[in-house]
Amino acid sequence: MLQVRDGEVHMLGVLFDRYQAPLFNFYSKMTQDRTVSEDLVQEVFLRILRYRQTYRPGTTFRTWMYQIARNTRLDQVRKVRPESPLATEPMAPARVADSAEREQETQLLQRALMQLPEDKREILVLSRFQELKYDEIARLLGCETGAVKVRVHRALRQLREVYTALENNPAPDLRSTGNSLPPAGRVQ
């Protein structure tokens, strides 16, 4: 990133090759919309180029990039009208399922994840799917590592509750009911 910051913008291609897939997966888990996810990834790399002078040596690039990614997502959420759902059409899982049962569990888990408030979904995606360390997430969110641990624990507990409820009472998905996702930023 230092080379990009110092004017060697062609090196952004190396960063794109390395981080495009993890960013796409992050957004896919957050939005369940392939097109939106692709657009957000593109926007992140445009912002990295635009704000390259703000990158400071000693800062973990991945943490800095995810801060830009979070801000890009927040800007996108603000643009979406409250009455329109963020998830338009579920994406197919990235991996081929071993069996039909595993496929159903994956879909159920994804539905449960999408029913969590945005902040809880985000912290789970960062910690479990993007595999950021708690101290990286703490820097990203501007809080203590202990607070991140508590938030992850609470988000996992709520995910487990939602998953169990969906498992015991498989209702139609959000698209068929016309409901929108829970409001973003709700903290419990």
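From a predicted model like this one, the values you see are computed outputs, not experimental measurements. (Residues numbered from 1 in each chain as written. Predicted model: local features only at pLDDT ≥ 70, side-chain atom pairs only at ≥ 80, totals over all residues. Heavy atoms only, no water.)

Remarks on the nonpolar core
Judged by nonpolar contacts, the single largest core of 41 residues is most densely connected at Leu23, Ile48, Phe61 and Tyr66. For this core, the secondary structure elements donating two or more residues are helix H2 (12-31), helix H3 (34-50), helix H4 (61-79), helix H5 (100-115), helix H6 (118-129), helix H7 (134-141) and helix H8 (145-168). In terms of residues, this core owes the most to one element, H2, which gives 8 residues. Contact partners of phenylalanine 61, with chain neighbours within four places excluded, come to Met1, Leu15, Tyr19, Ile48 and Tyr55. (Core = buried A, V, L, I, M, F, W, Y, C linked by side-chain atoms within 4.5 Å. Buried < 20%, exposed > 50% of the residue type's maximum accessible area, 1.4 Å probe, protein only. Helix = DSSP H or I, 4+ residues; strand = E, 2+ residues; numbered from the N terminus. Contact = heavy atoms within 4.5 Å.)

Notes on the packing of aromatic side chains
Evaluation of the coordinates by the stated rule reveals 7 aromatic pairs. Ring geometry for phenylalanine 26 against tyrosine 27: centres 5.2 Å apart, planes inclined by 55°, an arrangement best described as tilted. Residues phenylalanine 26 and tyrosine 27 agree in their burial class; the two are buried. Clustering of aromatic rings is evident, with ring pairs tying together Tyr19, Tyr55, Phe61 and Trp64. The ring of phenylalanine 129 has lysine 29 lying over it, and the distance from NZ or CZ to the ring centre is 4.6 Å. (Phe/Tyr/Trp six-rings, centres within 6.5 Å; stacked < 30°, edge-to-face > 60°. Lys NZ or Arg CZ within 6 Å of the ring centre and 35° of its normal.)

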